[in-house]
Amino acid sequence: MTTPELPRAVLIANRGEIAVRIARTCREMGIRSIAVCSEVDAGARHVLACDEAVLLGGASPSESYLCAHAIIDAATRSGADAVHPGFGFLAEDPRFAQAVLDAGLRWIGPTPAVIAAMGDKLEAKRRMAAAGVPLVPGERIADDADPEGLREVAERVGFPLMVKAVAGGGGKGMRAVHTVDELPDAVASARREAEAAFGDDRLFLERLIARSRHVEVQIVGDQHGHLLHLFERECSIQRRHQKVVEESPSPGIDDEVRDVLTGAATTAARALGYTSAGTVEFILDEEVLARRRAGEDVPATDAVAFLEVNTRLQVEHPVTEQVVGIRDPATGMLEAIDLVRWQLLIAGGWSLPVTQEQLVTRGHAIEVRLYAEDVPAGFLPATGRLHAFEPALREGIRWDAGVAQGEDVSPHYDPMLAKVIATAPTRTEAATRLAAALQDTPLVGVATNRDLLVAVLRDATFLVGDTTTAYLEERLAVLQASGVPDEGSRARACLLATLHGALQAQQGSPALPTLPVGFCNTGVLWPQETFAGPDGDDWTVRLRGRRDGSLEGQVLRDVPAGFLDADGEVLLSARVRVHTLDRDTLDAEVDGRRQRVRIVGDPQGRVQVLGPGVVDLVRRPRFPSEAAERISGANRSPMPGSVVAVAVGAGDEVAEGQLLATVEAMKMEHRVTAGRAGTVTEVRVTAGQQVAGGEVLVVVDG
Amino acid sequence: MSHDVLRSRVDPADEVFQRNRAENLELLRRVDEQLTAAHGGGGSEKLARHRSRGKHTLRERIALLCDHGSPFLELQPLIGLDSDFHVGGSTIQGIGVVSGVECVIGGMDPTVKGGASNPFSVTKSLRALQIARENRLPTINLTESGGADLRRQQDVFVPGGRTFRELTALSKAGVPTISLVFGSSTAGGAYIPGMSDYVVLIEERSKVFLGGPPLVRMATGEVASEEDLGGAQMHARISGLGDYLATDELDGIRITRQLVSNLGWTKRGPGPSEPADAPLFDPDELLGIASTDLRETFDTREVLARVLDGSRFEEFKAAYGTNLVTGWGSIHGFPIGVLANNGVLFSEESQKGAQFIQLANKRDRPLLFLQNITGFMVGTAYERGGMIKDGAKLINAVSNSEVPHLTVMTGASYGAGNYGMCGRAYDPRMLFTWPNHRIAVMGPEQLAGVLSIVAKAGAENRGEVWDEDQDRGIREMVESQIEAESNAFHATGQGWDDGIIDPRDTRHVLGIALSAVHTDDVRGGDAYGVFRM
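Residues numbered from 1 in each chain as written. Chains lettered and ligands numbered in written order. Predicted model: local features only at pLDDT ≥ 70, side-chain atom pairs only at ≥ 80, totals over all residues.

Participant: How should the overall build of chain B be read in this particular structure?
Facilitator: Secondary structure assignment for chain B yields 21 helices and 15 strands. Taken over C-alpha atoms, the radius of gyration comes to 25 Å for chain B, in line with the 24 Å a tight globule of 533 residues would show. Counting over 533 residues, chain B shows a buried share of 56%. When contacts within chain B are restricted to residue pairs at least 6 apart in sequence, those whose partners lie at least 24 apart make up 76%. (Helix = DSSP H or I, 4+ residues; strand = E, 2+ residues; numbered from the N terminus. Rg over C-alpha atoms; globule rule 2.2 N^0.38 Å. Buried ≥ 20, exposed ≤ 12 C-beta atoms within 10 Å, placed from the backbone. Contact = placed C-beta atoms within 7 Å.)

Participant: Help me understand the environment of Arg 254 of chain B in this model?
Facilitator: All names here are of chain B. For Arg 254, the location among the structural elements is in helix H11 (residues 249-261). C-beta crowding within 10 Å serves as the criterion here: with 21 such atoms nearby, Arg 254 is assigned to the buried category. Linking Arg 254 and Leu 28, residues 226 residues apart in sequence, is a C-alpha distance of 36 Å.

Participant: I would appreciate a short explanation of the sheet that holds strand E35 (residues 634-636) of chain A in the present structure.
Facilitator: Think of a sheet as strands paired side by side through backbone hydrogen bonds, with each pair either parallel or antiparallel. All names here are of chain A. Pairing is antiparallel across the open sheet formed by four strands, whose spatial order is E35-E42-E40-E37. Edge positions in the open sheet fall to E35 and strand E37 (653-654), since each of these has one partner strand only. Note: E35 against strand E42 (residues 696-701), three bridges, orientation antiparallel. Among the inter-strand pairings, Arg 636 is bridged to a residue of E42, identified as Val 696. (Pairing = 2+ DSSP bridges.)

Participant: Explain the packing of helix H4 (residues 94-102) of chain A against helix H5 (residues 112-119) of chain A here, please?
Facilitator: Residues and elements named next belong to chain A. It is the contact of H4 with H5, at a shortest axis distance of 8 Å, that shows an interaxial angle of 175°. Here H5 runs roughly antiparallel to H4, going by the angle between their axes. In this structure, H4 contributes Pro 94, Ala 97 and Gln 98 to the contact, and H5 contributes Pro 112, Ile 115, Ala 116 and Gly 119. Taken together, the residues of the contact of H4 with H5 sort by class into five nonpolar, two polar and no charged. (Axes fitted to C-alpha atoms, helices over the stretch in contact; angles between N-to-C directions. Parallel < 35°, antiparallel > 145°, perpendicular 65-115°, else oblique. Nonpolar A, V, L, I, M, F, W, Y, C, P; charged D, E, K, R; others polar.)

Participant: Just checking my understanding: could you explain the sheet that holds strand E13 (residues 276-285) of chain A for this structure?
Facilitator: Residues and elements named next belong to chain A. Pairing within the open sheet is antiparallel, and its eight strands lie in the order E14-E13-E10-E11-E12-E18-E25-E23. The sheet terminates laterally at strand E14 (304-310) and strand E23 (397-401), the two strands that pair on one side only. In this sheet, adjacent strand axes meet at a mean angle of 25° when their direction is disregarded. Against the sheet, helix H10 (residues 286-293) makes contact with strand E10 (212-221) and E13, and its axis sits at roughly 75° relative to E13, the strand it touches most.

Participant: Can you walk me through the interface of chain B and chain A in this structure?
Facilitator: Where the parts come together, the accessible area they lose is often given as the size of the interface. Listed as interface residues are 40 residues of chain B and, on the opposing side, 31 residues of chain A. Looking at the side of chain B that touches chain A, the elements that each hand over two or more residues are helix H1 (15-39), helix H3 (58-65), strand E1 (72-75), strand E2 (91-98), strand E3 (101-108), H11 and helix H21 (506-517) of chain B. Grouping the constituent residues of the side of chain B that touches chain A by class yields 18 nonpolar, 12 polar and 10 charged.

Participant: Would you mind going over unusual backbone geometry with me for this structure?
Facilitator: One can expect most non-glycine residues to show negative phi and most peptide bonds to be in trans. Residue and element names in this part refer to chain A. The omega angle of the peptide bond from Phe 159 to Pro 160 is -10°, so this bond is cis rather than trans. For Pro 160, the location among the structural elements is in the loop between helix H7 (147-157) and strand E7 (161-165). A cis geometry characterises the amide bond from Ser 248 onward to Pro 249, with omega recorded as -5°. Topologically, Pro 249 is positioned in the loop between strand E12 (242-248) and helix H9 (255-272).

Participant: Teacher, can you tell me more about helix H13 (residues 427-439) of chain A here?
Facilitator: Given 3.6 residues to a turn, an α-helix orients residues that are three or four positions apart in the same direction. Its 13 residues place the ends of H13 of chain A 18 Å apart at the C-alpha level, agreeing with the 18 Å of an ideal helix rising 1.5 Å per residue. Listed as buried for H13 of chain A are Arg 427, Ala 430, Ala 431, Leu 434, Ala 435, Ala 437, Leu 438 and Gln 439 of chain A. (Expected span 1.5 Å × (residues − 1).)

Participant: What should I look at first to understand the confidence of the model for chain B in this one?
Facilitator: Caution is warranted with low-pLDDT regions, since their predicted coordinates should not be read in detail. Taken as a whole, chain B shows an average pLDDT of 94; of its residues, 99% reach a score of 70 or greater. Listed scores for the predicted complex are pTM 0.86 and ipTM 0.95. (pLDDT = per-residue confidence, 0-100.)

Participant: I'm lost on helix H4 (residues 119-135) of chain B in this one. Help?
Facilitator: Residue and element names in this part refer to chain B. Compared with the 24 Å implied by 1.5 Å per residue over 17 residues, the 24 Å span of H4 between its first and last C-alpha is a close match. Summarising burial for H4: 13 of the 17 residues are buried, a large majority. Looking one or two residues beyond H4, the residue adopting positive phi is Arg 136, at roughly 55°.

Participant: In this structure, what is going on with the pairing of strand E40 (residues 678-683) of chain A? I would like to understand it.
Facilitator: Put simply, side chains in a regular strand alternate between the two faces of the sheet. All names here are of chain A. Of the pairings in the sheet, the one linking E37 to E40 comprises two bridges and is antiparallel in character. Directly across from Val 654, in E40, lies its bridge partner Gly 678. Taken together, the four bridges between E40 and E42 define a ladder with antiparallel strand orientation. Looking across to E42, one finds that Val 680 is bridged to Val 700.

Quick look at the structure:
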């Protein structure tokens, strides 16, 4: 065994949670960490997590995190002797890896040659086929392919199919196509997206397996030819081809399939001479798996097809770290693993000190990706300031977060706020634990997918392990409905939020802080507050103090803000007694049911009531400011971004649903379609223009 | 401060307790009835018309102006009770917290006779301004009033003029005055904004002019619109009467709150310095303690045990002049001295009270008077013992004491005892009444009896035949008339107090009052009239 030569200082060429996570291991190992950042990230978590930071440039990735020469310059200036790319950005750019090596620095990852071979998805397939790894049918399409040419390739591959970017990853430049008619549009937009994301617009088509699971195998290789697999992760639950829930072990496979997977993965990695950490991804045919589960004698190999190799650490690597351990043959004790530590050691020439037999799994880990996104609006990335974000820290829960309370979620980067990983002896316990931790986390300021994640973790279909890549699409309506609080919980939340607000205001007031809240000797006034109801109606809460120290609370529908004695439908009438108020935690009894709730909010009037469950409310402002610009027939940008194309001009007649403009944000294209038929009276934007969320793009007069 | 803790001997199962409680609850029900009438304004039809114009009611305007969850102490809510006028004087006045600042807030109710003021409105508004001046409370007037009720102009015109003088006196003293004009503010009413430090006008709503279109046409023949004569735009852009121009009612209230928040207002007096923990005994029991039959006495310490912070009370001179309880405690954290009646005042009680008042002035400590007094003792022994001289000492001390006084009428208030215990004429900063309270020169029975004895002596002098039956009839008549004139409802209707309060609210009402009092310096004096020795 050679003595590893550890890096002294590692430049982390990334941002967000992965940079924070790498910095943590560096610190544990006594290695100096150097962050890079863009102008908008000067106060970001990853900058604070590292020992030093170097400013790269402007907010857009091309001026900062994708600017290879600036990063290498930062590394040499700061005295780094190694570069860790994290994932995304330049992690799978072989030219960058080579440039790092050429600058005399160590590259924490596989060799540029391996990255290049696997980065070309078609080349990867060719090499895997040669090594005897099973494949999904697929074929490259020519850059200048006409519709006829496209159709020919498509028919050879077979429908349904996926349009994919040769340089792809992270779901960018991917489109599912079910009929030949959809093909030209899908190819055109995938090409634009691929060009924007990777600077490479080459595409290929691949057969879409109707019901499939996405299962991948973690591999690690050292520079001495030792290669290990660290079992599998299942990542079937995806939206827009991005993983949302990941777990290990996979609930859908048996040991025989697992052996096929790990065998194929190690075969593939060995054929590549793989070093460092990587992932071999497979598509599993759920129909085959189901037949095997039902006891049918179907070969395990029939279920498995190679997808691609990711030549980097994966977002979901923590689930592996949580379940895989090294068993000490003498004591039987399990030692935890840290994949970043292994990456650093391998880069230093270390040889893997364990055998495959020593690696075992115990328990179950589930990771969810908490995204800033508007789920009902079709998973649109959301931006804003995180006024409240207090991860629930507890046994068996790991938070890998890239943002902290008070920070802005900007439109420039990936909208993932954090990964939350639960570990427990069984899958059900992990899911239960994770759902509870999510629900106990104050999270206000940007829309998130939290409610959806909780709904998934409590969904019966998920809990029995019936998860294919179509899971979210199929279950979305049910899951979204299950997350909506009923009228009673919402009314109760309004009542508690009003009480909390009044108590806080009063107890924090310089005047009369010790008087009972809203005390009035004649009852001429009482505390009152109005919230937006679920249907855009007004829900008004009234509180009246009683002489025994309790309060009579009423929640009324259709009583507008500010009107003290207007009547409305009574949604809730309850006796409330406050036990204690400790900042955002209110210990109160509502009709004899005593509960501790946390109530957090932001200056815009958003209020979140936590416990039990999460209810999000919006306070009606007491003094509404100037009403927002109201334009009949306005078609607005769903989010901040840049206009890619404007499809209409002033005077055009448009039908309802007709494409008006395309806006690109976070590397995704969003189609803005006419809200109603009519004549275009105004086009306010041109292609290339930056627009704010909600900005009027096109006005259609109906 | 470490204090003794009061004990209680009250037995809620006791028959007298139960009777008092039942009767007090009945009195409070009557209070509530009247409050409902007062707060109902001009009735549902007027209210609906007011709302149909997109206007908030006066109560709503006050509620929107005050901080969320802040307390509000309404003043003189039932003035004008049993008169020909709307109970409450068609106005709401009170102390509320606006942007963290305690303010006197008030306005005419535009749903009652267009917000025109009657004699009770004038009395009540002037009282609120007096409270503002004596305690240095910033004042916010929510103006929407057609001016004086012209049918009662003779009762309103002369005293009402004082309103404007009070406003400028406040301004002179450095106490901010704000007028937020919601509607018309005409004739004399125009001087409310005219005399205020800050004027907030609302577009298309505020109308401020000395004479409206009809009067101008009568006087000069000029035909002018309301907007030309006194619209918000005109005053904001041309006359300069308006300082802030709001787009609507809510915007006007928002601007006013911002204005107060930016005043940089600081209170001069010390803040609360003691723990403001609740009393150890349930204030609810005050209803069983407060006698409705004033021949039955109660120990005033039972009241203190349910009003003072933590029921803590350091009694002063406990063994001397025992019919007057004196000592130190605190309410909502504000340290106070207490003088509380436990029976008729003798010489000892009077001297003890006079001494205690002087001590409170040395300590700069506000004084709370709990009145339940049938008077100074009469009889030859007491006259010979110098009762008048000693009573005079107490009245002298009360009159010339410079610390703030607060008075609560917890039972009887008869004779000169009312004066010695800081009755209305002695200008306590605020005075509140329990519903079981009776007030008169003497008890109805005594008064009727005195009249009867005097009449009988007169008849005998004139050699007339004394008709016992007729005398009994007259006595009963006088008794019931005095009874009616001396009950708490009559007293509060006359404006002899700052409001009837529920005894259970006493501690909180006094808490607000004490905090208001500490907006100005709390300083004792050391100059008195000649104490007759």
